[in-house]
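Notes for the structure review
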Amino acid sequence: SHVDDRERVLDSLKKISMASKHLLNLINEVLDMSKIESGKVELKDEPFNLAELVDSLVSMMHPQIEAHRHTLELQVEAIEHKYVLGDSLRLQQVFTNLMGNSVKYTPDGGLLTLSVSEKPCDREGRGCYEFVFADNGMGMSEDYVRRIFEPFSRADDERVDKIQGTGLGMAITRSIVQMMEGDIQVESRLGEGTRFTVTVYLKLQENGAGDEGTNGTGMDSSGGDESLAGIESLDFSGRRALLVEDNELNREIAMTILETTGLAVEEAADGEEAVQQVSQHEDGYYDIIFMDVRMPRMNGYDATCAIRAMGLPYCKTVPIVAMTADAFAEDVRAAKNAGMNEHVSKPLNFKHLGMVMRKLLN
C-alpha cells in the first residue's frame, strides 16, 4: 500500500524483523524445552577456562548493555581452579539468559552486577562455583517469583507486556542448572531489582590447563543488525567462495549478501556436488566454503569430512563455515567435530557473519 514511501517501508521492515526474531526465539526455545523434557540433551565433559567463559559472556552482551546505557560491574573473586571440565555451551546459555533478562527488565541507565567466586567444595575432583546476576531493575512480585521457573510463565505487569519474551528462558535455565547438579535461587522486590544466584559443580582439569574448548553458542546475542553496513565495508575482492545450499531461495539470499563483500561466489546444490567441485579444481582454488548441514544426497557434515580427507593440501586448512538453521549447542559442537571452523546460524545475522569472515579471511 505504501511501497513508494521509503520511511514507512523501512519502519515496516524493522517491525517485521523484530516480530520474526521473536518468533524464531519462541520456536528455538520450544524445541530446546522439548529436548530437555524428553531427556535428549546430554551434557558434555569438555575442557574450558572459566575466566574466558565470563569474558566471552561480557563481550557478547556488551552491545545490548550499551544500547540501554546500563553500567555493568564485574566482580571476580580469587578463582583457584579456572581450568575445568563441563558443558561450556550450555553454561553460557544459562548466563546469557540471566544477563539478557537483567538487560531487558532494567529501565535504561540501570546498574547490572555479575559476581563470580569459587566456594569451598567437599566433592573430590570438583570445584564449586557461584555466579550472582543482580540488577536494580523493575523486579518481581512475591507471587511471580514463586512461578518464575514454570514454562510459559510471564509476570502480569503492563511494563513486562511491552517487552518481548517467550516465558521459557527461565524454565530452560533451571533445567540446565539441575542437569549440572547445581542450584539456582532468586530474590526480588517489585520496583527494586532482582538477584539470581547460580551454583554449579564442575570437574577440575587434572593438569590445570589444556584444550580450552569453545565458549560460543553459535547464536549472536548482540541483538542483530538488519542493515548490511557490517558486511558492505568488507572487501574480499580477488577471493573465491563456495556456497553449498540446497534451498534455492536461501542460496539466492546468501549469494547476494556474500557478493557485497567482493567475494566471487560459486554454488553447489548439495554436499555431493560440493565435494565434486572441490575435487575438480586445483589446490587453493577456494578461499572459504559456506556449508549448509541438512541437504539431500550428502549432508554438510559428511561433505566436510570428505573435503578434509582429500589429497589436495589446502583441503585440510580451507575455512569451512556451517551456515545452518541448526542453532543449538549440540549443533555447534557437531559442526566443530566434523572439521568446520565456525558456525553461523540462519536467519543470517550480518554482524556475526561479518565477524566470522574477517576472522577467517584476513
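Keep in mind it's a predicted model, so treat the numbers as computed, not measured. (Residues numbered from 1 in each chain as written. Predicted model: local features only at pLDDT ≥ 70, side-chain atom pairs only at ≥ 80, totals over all residues. Heavy atoms only, no water.)

**Here we look at the overall build of the chain**
- What the chain contains, in helices and strands, is 12 helices and 12 strands.
- When the 362 residues of the chain are sorted by exposure, 46% land in the buried category.
- Taking contacts inside the chain between residues at least 6 apart in sequence as the whole, the part at least 24 apart equals 74%.
- For the chain, the exposed surface amounts to about 18200 Å²; the carbon and sulfur share of it is 49%. (Helix = DSSP H or I, 4+ residues; strand = E, 2+ residues; numbered from the N terminus. Buried < 20%, exposed > 50% of the residue type's maximum accessible area, 1.4 Å probe, protein only. Contact = heavy atoms within 4.5 Å. Areas by Shrake-Rupley, 256 points an atom, 1.4 Å probe, with all protein chains shown as cover.)

**Some remarks on the pattern of salt bridges**
- Under the defined criterion, the tally for this structure stands at 20 salt bridges.
- Across the pair R333 and D87 runs a salt bridge, and its minimum N-O distance is 2.8 Å. Here R333, found in helix α11 (residues 329-338), pairs with D87, found in the loop between β3 (83-86) and α3 (88-104); they are 246 residues apart in sequence, far enough to count as distant.
- With a shortest N-O distance of 3.7 Å, R195 and E187 are connected by a salt bridge.
- On the basis of relative accessible area, R195 is assigned to the partly exposed category, the value being 38%.
- Under the relative-accessibility criterion, E187 is labelled partly exposed at 47%.
- Via salt bridges that share partners, E46, D87 and R333 belong to a single interconnected network. (Salt bridge = Lys/Arg side-chain N within 4 Å of Asp/Glu carboxyl O.)

**Quick look at helix α6 (residues 169-179)**
- For α6, the tally of buried residues reaches 8 of 11 residues, placing the bulk of the element in the interior.
- Every buried residue belonging to α6 is among G169, M170, A171, I172, T173, S175, I176 and V177, and all of these are buried.
- On the buried face of α6, the contacting elements are α1 (6-37), α3, β6 (183-189) and β7 (193-204).
- A positive phi of about 60° marks E181, the residue just after α6.

**Observations concerning the nonpolar core**
- Membership of the largest hydrophobic core comes to 41 residues, with the highest contact counts inside it found for L50, L91, F131, F133 and F196.
- Beyond its immediate stretch of four places on either side in the chain, L91 contacts F48, L50, L53, M180, V200 and L202.
- Membership of the second largest hydrophobic core comes to 23 residues, among which are V265, M323, L353 and M357. (Core = buried A, V, L, I, M, F, W, Y, C linked by side-chain atoms within 4.5 Å.)

**Side note on helix α2 (residues 50-67)**
- When the terminal C-alpha atoms of α2 are compared, their 26 Å separation across 18 residues agrees well with the 26 Å that a helix rising 1.5 Å per residue should span.
- In the structure, α2 departs most strongly from a straight axis at M61, where the bend amounts to approximately 45° and where the proline P63 lies between one and four residues downstream.
- Taken as a whole, α2 has its buried residues at L50, L53, V54, L57, M60, M61 and I65.
- With a side-chain oxygen lying 2.9 Å from the backbone nitrogen of A51, the N-terminal cap of α2 falls on N49.
- Downstream of α2 by a residue or two, R69 has a phi angle that is positive, lying close to 55°. (Expected span 1.5 Å × (residues − 1). Bend = angle between axes of the 7 residues up to and from the residue. Polar contact = N/O pair within 3.5 Å; in protein donor to acceptor, adjacent residues only side chain to side chain.)

**Concerning the pairing of strand β12 (residues 342-345)**
- Going residue by residue along β12, you find E342 and V344 tucked away on one face and H343 and S345 tucked away on the opposite face as well.
- Here 4 bridges tie strand β11 (residues 320-324) to β12, and the two strands are oriented parallel to one another. Within the sheet, the bridge partner assigned to M323 lies in β12 and is V344.
- Tracing the backbone out of β11, into α11 and back to the parallel element β12 gives a crossover that is right-handed. (Pairing = 2+ DSSP bridges. Right-handed = clockwise from strand over helix to strand, strands pointing away.)

**Overview of the pairing of strand β4 (residues 111-119)**
- Of all 9 residues in β4, 7 are buried, a share of seventy percent or more.
- The sheet contact formed by strand β2 (residues 71-76) and β4 spans 6 bridges and is parallel. Residue pairing across strands places L72 opposite L112, the latter belonging to β4.
- Relative to strand β5 (residues 126-135), β4 is paired through 8 bridges, and the arrangement is antiparallel. Of the residues in β5, the one forming a bridge with E118 is Y129.
- Where β4 hands over to β5, the hairpin turn is made up of 6 residues, of which G125 adopts a positive phi near 75°.

**Here we look at the sheet that holds strand β9 (residues 264-268)**
- Across the sheet, 5 strands lie side by side as β9-β8-β10-β11-β12; this open sheet has parallel pairing. Two strands lie at the open edges of the sheet, namely β9 and β12, each paired on one side alone. On average, adjacent strands in this sheet sit at an angle of 20° to one another, irrespective of strand direction.
- Sheet contacts for helix α8 (residues 248-259): β8 (240-244), β9, β10 (288-291) and β11; angle to β9, the most-contacted strand, approximately 160°. (Axes fitted to C-alpha atoms, helices over the stretch in contact; angles between N-to-C directions.)

**Overview of unusual backbone geometry**
- The omega torsion across K346 and P347 is -5°, close enough to zero to call that bond cis.
- Its location among the elements puts P347 in the loop between β12 and α12 (350-361).
- One non-glycine residue, E181, adopts positive backbone phi at about 60°.
- Phi is positive for R297, close to 65°, though the residue is something other than glycine.
- Position of R297 relative to the elements: it lies in the loop between β10 and α10 (300-308).

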